[in-house]
Amino acid sequence: MPSSDQADGNGQRLPAGGRPLNDTGRAAGAGAGSSSLQGHSGLSANATPVPLPTTPFMNMHLAPNPRVVSPSGLHIAHGPMMHPPGPLHSGASASHASVQDTQQDPSYFFFHPFAEKRHEGNGNPTPDHPGRRQPAQDWRMRERLKTVSVALTVCLNIGIDPPDVVKTNPCAKLECWVDPSSMPPQKALDTIGRNLETQYMFWQPKARYRQSLDPTIEETKKMCLGLRKNAKDERILFHYNGHGVPKATTGGEIWVFNKGYTQYIPVAIHDVMAWLGSPSIYVYDCSSAGNVLLTFNKLAEQRDAEVARLQQTKPQASTPGSISQQLNAPANPTPMKECIQLAACGPNEILPMTPELPADVFTCCLTTPIQIALRWFVKQNRFMHKIDPEMIMKIPGRLNDRRTPLGELNWIFTAITDTIAWNVLPHDLFKKLFRQDLMVAALFRNFLLAERIMRYYNCTPMSSPKLPPTHHHPLWKAWDLAADMCLAQLPAMLAAEEAVNNPLVQTNGTGAPPVAVPVSPVEYKHSTFFSEQLTAFEVWLERGAISKRAPEQLPIVLQVLLSQVHRLRALMLLSRFLDLGPWAVNLALSVGIFPYVLKLLQSPAPELKPVLGFIWAKILAVDRSCQNDLLKENGYTYFINILVIPISSQVQAQQQHTQILSTLSEHRAMCAFILATFCHNFPTGQSACLKNDLMLSLLPHLKDEDPLLRQWAAIALGKLVENNPETRHAALRDNLHERISAVILDGVPEVRAALVYTLGALMDPARAPPASQQSQPHKPDALTEIEYNMGLAAIAVLSDASPIVRKELIITLSRLIHAYLPKFVAAAFELFEEERRRNAASSSTTPTISTVSSDATIAPAWSTSSGSSTHLLILKSLLTLSVDPYPENALLASRIVDGIHAKMLSSPLFENSPSASAYLATIAPSPERAQQSPLQRSQSSASLRGLKRTSSFVGSILNAASAVVQEREVPKVPKVPGFRDLLDSGAGELPVLESTVFEWSCEFFAEPQMRVPEAEDPGSLKHNERQWRRARNETALGEARDEVAKFSAVTVAPTGGSNANGNTDDGIGSTSAVPVASPPTLNSGPRRFDEGKPISIVYGPAPTTAGAFAAQQAAGDAILAFHQFEKLVAVTDGRDNVCVVNWEDNKRLCTFSTSSPQTKSCTPGILGAASNIMSRVTSLKFINEDNLGMLLTASDDGVVRVFRNYAENDLEIVIAWRALNDLYPSVRRRRRALGDAIGGWEGVGMVAEWQQSTASLLVGGDSKLIRIWDVEKEICVQDIQTRATGSVTTLTSDRDAGNLIVAGGGDGGVRIYDSRRRESVVLSLREHTAPVLNVHLHNGSSPYLVSGSTSGDVRFWDVRKHDSVKTFENCHGGQGGEMLGLAVHEVAPLYAT
């Protein structure tokens, strides 16, 4: 399929379908004065030249309404009124331009209709849509924990070294940045304990802290048990510093002291596990700390396995001495595997003793990362000799103030460590460690630094859960750069601070008081880290977004949102990232973007409103679980306020601050989508929006110029009232239904579908009529009256061309019928009785299912004198929809119709009426009929006024009758979907159909909006295909131009030609006198003019030549249509079957029935079978030929269908609608062909004329109307009275603006209409005495007209005159019969009969 967004030759962005808008907003190429091109010679969306067919044979379409004729009757002649080849004269149609002409003007291109998203699924959600292929991830923390207690166990025994560790000299001394040797041991120990607590308090200030300095085992146990008792199920941090005790043992034992400090007492880790329980954090800052971690993991695994086993067996008591009992496991314990451990080194490693570093380097990394990181950086950088460790401790600022140097460094460090973790960890582990608990997140960020520093000293920090190595990650270089930039300014900053604190004074020696020397301030230059990372992210978006690998800068973008300086740019880049698709939204949510964008909804900054709306639209399009968050934080009011902001002030603010969105309407459409999603299945949200006047805010936007805003304003109103009695009653009190009904005939199909959906949402299908209404059925209550009026208002779209609109109408009517089912059952019985009486009076025989009654119409039945006229009208509308041309709609409506009939047959009305039962018995169907599908059995269920149908109304209840017959008279047959399912279940509840318009419309926001469409992206598959088609079309154009020159270089003497005065030549349009032979003819089937090769067509039971096929199908009035650029021909069999053939390869590509296209058939021979469908294809067109072509068919039942993928084994119906519902039968005279008498056929049916340039379809035929359909809007835009006594047999129009319409009639008249005038008929030509076969309007400097009739005369007209200027008689080949077809070449001066 073509992309919904295409580009012209200049790279201009086009709307869906490929037509740009001019200054007035109207699509280019449409309307008066535009250079429109003929439908069979179109330009592609990228402004390729108008290509002509490869050979004249391909362009000689037997249309409109051509018939297959005998090859011997085909004559080729020069048209005397056609200009010779050469440069276009003034006013010539662009469709006749040469390659050079069209290449000079890239504005010549066609709009390609039926390529919108709505044509791909009839409003059903796409199963393989990216939003569903990648469902929303569980990014929320369902069990958020807090570290509420901290146990600080410090075993230093200052002054005494442990026996198993030999310290170097010099050796590291600092503990918590305190030198123990600089003060008495006890004071030093207390100071270290306080500093350690202070360092932890920065990361978790609200926790309960307990210090245990040089403790005994009893003190340790008491502290641990007390903290667990107070913490309950929350997390506890256990920090162990064992620098003054022996190394941890291989059995996982740590050391404390006895009461006299004369012995080291081991404490098994399983004892600590029993005291602290789970969840807990363990930090081991001691040598051989890895032994403790490994032992802990083994015990935790054993303990969890035993607990799980005990829970499965559920014993009364645990086995004495078991691990579960030893660990005092509670009834439902938290698994020990949830405990987190951080160890300073591996099992057999000793802590570093470098004097440049503190002794507790691991603890410093975890609690004071900035200071230790800068110290280590200075030590590694030999150019930092001016920076001493004392200066690092004096960096100005505070850690939590990002505007100061120290705070900025901490901010950068947090961003870098977060980014490293997010890039190397699985997302689930990242979420657990970095988003669940603030203390855990801080410790693991700092642990990454500890790994980098301590690995340098041959220590390998360990963790549980285990982390992959990160010490060589490239982002550490960015941290080094940021540290370098800060430290380079540090001496100057400290000097300035010193000067301020101790100012220098200056005296002049005269005894005057001293004067302070002024100090020049030193301005700190902030780091460029974040701006550079945003630039890197922007480069990734431009170059690397093709793959779905996550950009490593995404967590940094999250941190940048905290800065007002970079916030807007970060949000804009984030919106571009989210626009890549649902996978990008899931990544952003997993990194933790949601709390930030939720908090920003409290910002009053106007420049953030458009981008925040876009971001929230992308989030809600993928994950709708944010409703409670928006309600809790009142975030939904942010979007309501945008809808009610005065337009003038909003536009001014937008122009001053941002240009993210092109219009204010697009911004508001996103807000309407957000609010619709907020209200979806969320009654609390609906009530909250109602209280905040959402309905009043949305109503003005129903008339906005932007269709997207109108669509979502309607959907949001529907979601506001759907399944909520409170909001529904409030909306009805405010006359919302009247406001919707006033605009229901909107010009955009998606908007009309949304408006019909809103009317359905205002109805309550579960509502039962009040008791007063039961006693007074003709005096309904006010609410009932309103709902009936809404149903009548919805019926206004009954004749809509868009299937999605009619589908919503079916769903809306089903809700109304479900609410008042007894009334509609009574109406169905009334209609049944009415038709029974009418059939009894009009015929003495009982109609059967196969009886065709041409006068069985219900023209006067749309209004009756009874009080149930409203129910009858709605019921007949639903009957019409049950035979909808679009299969899905017919099936949906048939379900409702079958349900009503099932209720009627089991109702007392029917059972108490012997005449009704007797009448139904006379028309009881055969068992074979009962086995047909509901759609087949409902084909005759409904009729519009003038629409022929079988057995009138009774045909619509044959589902019910078939079931009755099966139960009472014949053995059962296998059940089929539809009525039988309802009847077998006891005529159960009538189904209430659910609308899918909301889910389907949401897919728009889940798709990329900013990315270049694939068809415009060089190198993409669609772009390459489009370029290939463009080259093919240009080649075909060049070849066709050569053919035109060849056939125009000679003068062919026409036979029997004369003008109105009887002369054989009036000189008009004649070419130079070049002697030629007699007119060329094709005597043995259609031929390519450059070859003498016959073309055979594989069609029917066996391959036959074109001549044999013509003889075989002549009785069926077959129709041919050639594709302009591809080697394809479509042919009908005179009924409803169509075959697409590759005429060059003699290969049949697809065969299908237009009446049941869902049953695809590509098997040879099937089409030859007789068809029971009472419809006949009477017009056949290829459309959108220059791009991805489609096949349009028009049938004598007034139905137009469009198909795609006709050349593949994957035929799809794009759209189907009833273009004419006023067809009447007209008898055409019997004709002879090939020497055999052939029975005549009744009625012209429906003829169609396709205008590619204006995207319009003209239909006429057995009707008093010529109807013009705007296929872009999918509505009828004009009805023109034919003013003729006969049928319209052929239609054509001018190829420029499409305002002049020429119709040939069955009465021999040729009439010209101007659609711009009130009196449409501007000229009537009455020289033909037989039905007109074809008319062709030549677009040039002078508009000439060619027409031909079945009597064999071909006439040329100057439309400025009332008489023909040239006439050729006996063009039927002299066989004495009638002329069967006429085709006029679009460019060459040729015609064929």
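Residues numbered from 1 in each chain as written. Predicted model: local features only at pLDDT ≥ 70, side-chain atom pairs only at ≥ 80, totals over all residues. Heavy atoms only, no water.

Asker: Sorry, what's going on with the overall build of the protein chain here?
Answerer: When its secondary structure is counted, the protein chain shows 46 helices and 40 strands. Here the protein chain holds 1393 residues, and the buried ones make up 59% of them. Accessible surface, the protein chain as shown: approximately 55800 Å² in total, 52% of it carbon and sulfur. (Helix = DSSP H or I, 4+ residues; strand = E, 2+ residues; numbered from the N terminus. Buried < 20%, exposed > 50% of the residue type's maximum accessible area, 1.4 Å probe, protein only. Areas by Shrake-Rupley, 256 points an atom, 1.4 Å probe, with all protein chains shown as cover.)

Asker: Just checking my understanding: could you explain the sheet that holds strand S4 (residues 235-241) for this structure?
Answerer: Note: strands within a sheet are paired through backbone hydrogen bonds, in either parallel or antiparallel orientation. Spatially, 6 strands are ordered S3-S2-S4-S7-S8-S9 in an open sheet, and the strand pairing comes out mixed. The open sheet has two edge strands with one neighbour each: strand S3 (208-213) and strand S9 (462-464). Each strand axis lies, on average, 10° off the axis of its neighbour in the sheet, ignoring direction. Pairing of strand S2 (residues 147-154) with S4 involves 7 bridges; the strand directions are parallel. Counterpart to threonine 153 in the pairing with S4 is tyrosine 240. On the sheet, helix H4 (residues 185-203) packs against S2, S3, S4 and strand S7 (280-285) and is oriented at approximately 155° with respect to S3. (Pairing = 2+ DSSP bridges. Axes fitted to C-alpha atoms, helices over the stretch in contact; angles between N-to-C directions. Contact = heavy atoms within 4.5 Å.)

Asker: Honestly, the environment of leucine 664 in this entry has me stumped. Any pointers?
Answerer: Tracing the backbone shows leucine 664 in helix H25 (residues 664-679). Given a relative accessible area of 11%, leucine 664 falls into the buried group. Sequence spacing of leucine 664 and leucine 709 is 45 residues, and the spatial spacing of their C-alpha atoms is 9.8 Å.

Asker: For this particular structure, what's the right way to read unusual backbone geometry?
Answerer: Comment: phi is negative for the bulk of residues other than glycine, and the bulk of peptide bonds are trans. The omega torsion across serine 278 and proline 279 is 5°, close enough to zero to call that bond cis. Relative to the helices and strands, proline 279 resides in the loop between helix H6 (269-276) and S7. Phi is positive for aspartate 693, which is not a glycine, with a value near 60°. Here asparagine 1146, not a glycine, exhibits a phi torsion of approximately 55°, which is positive. Topologically, asparagine 1146 is positioned in the loop between strand S19 (1137-1142) and strand S20 (1147-1153). A relative accessible area of 31% places asparagine 1146 in the partly exposed class.

Asker: Explain the confidence of the model for the protein chain here, please?
Answerer: Do not read the fine detail of predicted coordinates wherever pLDDT is low. Summary statistics for the protein chain give a mean pLDDT of 75 and a share of 70% for residues scoring 70 or more. Of all secondary-structure elements in the protein chain, the lowest mean pLDDT belongs to helix H1 (residues 56-59), at 29, while strand S8 (residues 340-343) reaches the highest, 96. Throughout residues 1051-1116 the model reports pLDDT below 50, and contacts reaching past four residues in sequence, or to other chains, amount to 129 contacts. (pLDDT = per-residue confidence, 0-100.)

Asker: Can you help me understand the pairing of strand S22 (residues 1190-1195) in this one?
Answerer: Residues in a regular strand project their side chains so that they alternate between the two faces of the sheet. Judged by how many residues are buried, S22 sits mostly within the fold: 6 of 6 residues are covered. Burial along S22 is two-sided: Met1190, Leu1192 and Ala1194 facing one way and Leu1191, Thr1193 and Ser1195 facing the other are all buried. Strand direction decides the pairing type here: strand S21 (residues 1177-1183) and S22, joined by 6 bridges, are antiparallel. Within S22, the residue paired with lysine 1181 across the bridge is leucine 1192. The turn linking S21 back onto S22 is made up of 6 residues, and asparagine 1184 within it adopts a positive phi angle of 55°. Bridge count for S22 against strand S23 (residues 1199-1204) is 4 bridges, and the pairing is antiparallel. Counted as the bridge partner of leucine 1192 is valine 1202 from S23. Hairpin geometry of S22 and S23 is characterised by an intervening segment of 3 residues between the two adjacent antiparallel strands and by a positive phi of about 85° at glycine 1198.

Asker: What should I look at first to understand the packing of aromatic side chains in this one?
Answerer: Applying the stated criterion across every chain yields a total of 35 aromatic pairs. Plain terms: the ring middles of tyrosine 282 and phenylalanine 296 are 4.9 Å apart, the flat faces sit at 55° to each other, and that makes the pair tilted. Residue tyrosine 282 is found in strand S7, and its partner phenylalanine 296 is found in helix H7 (residues 289-313); the two are separated by 14 residues along the sequence. The ring of tryptophan 411 has arginine 402 lying over it, and the distance from NZ or CZ to the ring centre is 5.5 Å. (Phe/Tyr/Trp six-rings, centres within 6.5 Å; stacked < 30°, edge-to-face > 60°. Lys NZ or Arg CZ within 6 Å of the ring centre and 35° of its normal.)

Asker: What should I look at first to understand helix H36 (residues 869-881) in this one?
Answerer: An α-helical turn contains 3.6 residues, so a residue and the one three or four places further along point in the same direction. For H36, which comprises 13 residues, the first-to-last C-alpha distance of 18 Å matches the rise-based estimate of 18 Å (1.5 Å per residue) to within 8%. For H36, the full list of buried residues reads His871, Leu872, Ile874, Leu875, Lys876, Ser877, Leu878, Leu879, Thr880 and Leu881. (Expected span 1.5 Å × (residues − 1).)

Asker: Which parts of the structure should I look at to understand helix H15 (residues 475-501)?
Answerer: Taking 1.5 Å as the rise per residue, H15 with 27 residues should run 39 Å; its terminal C-alpha atoms sit 38 Å apart, in good agreement. Where H15 bends most, the angle comes to about 40°, and this point is leucine 490, followed within four residues by the proline proline 491. (Bend = angle between axes of the 7 residues up to and from the residue.)

Asker: Explain the nonpolar core here, please?
Answerer: Note that soluble globular proteins tend to have their nonpolar side chains buried in a common cluster. The biggest cluster of nonpolar side chains holds 260 residues, and the ones touching the most others in it are Tyr284, Trp479, Phe577, Trp616 and Trp712. When residues no more than four places from it in sequence are discounted, the contact partners of tryptophan 712 are Ala669, Ala672, Phe673, Ala676, Phe998, Ser1001, Cys1002 and Phe1005. Ile1183, Val1214, Ile1215 and Ala1248 belong to the second-largest nonpolar core, a separate cluster that totals 22 residues. (Core = buried A, V, L, I, M, F, W, Y, C linked by side-chain atoms within 4.5 Å.)

Asker: How do you make sense of the pattern of salt bridges when you look at a structure like this?
Answerer: Opposite charge on two side chains permits pairing when their charged atoms draw close. What the rule picks out here adds up to 36 salt bridges. Here arginine 1267 ties to aspartate 1279 by a salt bridge, and the two come within 2.7 Å at their closest N and O atoms. You can see arginine 1267 sitting in strand S29 (residues 1265-1270) and its partner aspartate 1279 sitting in strand S30 (residues 1275-1281), a full 12 residues away along the chain. A salt bridge links aspartate 1314 to arginine 1316, with the shortest nitrogen-to-oxygen separation between them at 3.0 Å. Taking the relative accessible area as the measure of exposure, aspartate 1314 reaches 9% and is therefore buried. Among the ionic contacts, a cluster of salt bridges with common partners joins Glu1327, Asp1353, Arg1355 and Glu1369. (Salt bridge = Lys/Arg side-chain N within 4 Å of Asp/Glu carboxyl O.)

Asker: Could you clarify how one ought to interpret the pairing of S3 in this entry?
Answerer: Of the pairings in the sheet, the one linking S2 to S3 comprises 6 bridges and is parallel in character. Within S3, the position partnered with valine 154 by the bridge is leucine 213.

Asker: Mind showing me how you'd approach the packing of helix H10 (residues 369-380) against H15 here?
Answerer: The relative placement of two packed helices comes down to the angle between their axes together with the axis-to-axis distance. Between H10 and H15, the shortest axis-to-axis distance is 11 Å and the interhelical angle comes to 85°. One finds that H10 runs roughly perpendicular with respect to H15. Contacts between H10 and H15 involve Ile370, Ala373, Leu374, Phe377 and Val378 from the first element and Trp479, Asp480, Ala483, Asp484 and Leu487 from the second. Among the residues forming the contact of H10 with H15, the class breakdown is 8 nonpolar, no polar and 2 charged. (Parallel < 35°, antiparallel > 145°, perpendicular 65-115°, else oblique. Nonpolar A, V, L, I, M, F, W, Y, C, P; charged D, E, K, R; others polar.)

Asker: Explain the sheet that holds strand S31 (residues 1288-1293) here, please?
Answerer: Judged by pairing direction, the sheet is antiparallel, and its 4 strands sit side by side in the order S31-S32-S33-S34 without closing on themselves. Here the strands that pair on one side only, and so sit at the sheet edges, are S31 and strand S34 (1321-1325). Across the sheet, the axes of successive neighbouring strands diverge by a mean angle of 20°, strand direction being ignored. Bridge count for strand S32 (residues 1300-1305) against strand S33 (residues 1310-1314) is 5 bridges, and the pairing is antiparallel. The partner of valine 1302 across the bridge, within S33, is isoleucine 1312.

Asker: I tried to follow the environment of phenylalanine 1203 on my own but got confused; where do I start?
Answerer: With respect to the secondary-structure elements, phenylalanine 1203 resides in strand S23. Sequence separation of phenylalanine 1203 and phenylalanine 1182 is 21 residues, and the distance between their C-alpha atoms is 9.7 Å.

Asker: When you look at the environment of valine 154 in this model, what are you seeing that I'm missing?
Answerer: By the secondary structure assignment, valine 154 is in strand S2. Note: C-alpha distance between valine 154 and histidine 239 (85 residues apart in sequence) is 8.0 Å. Beyond its immediate sequence surroundings of up to four residues, valine 154 is in contact with Leu189, Leu196, Ser212, Leu213, Asp214, Pro215 and Asn241.

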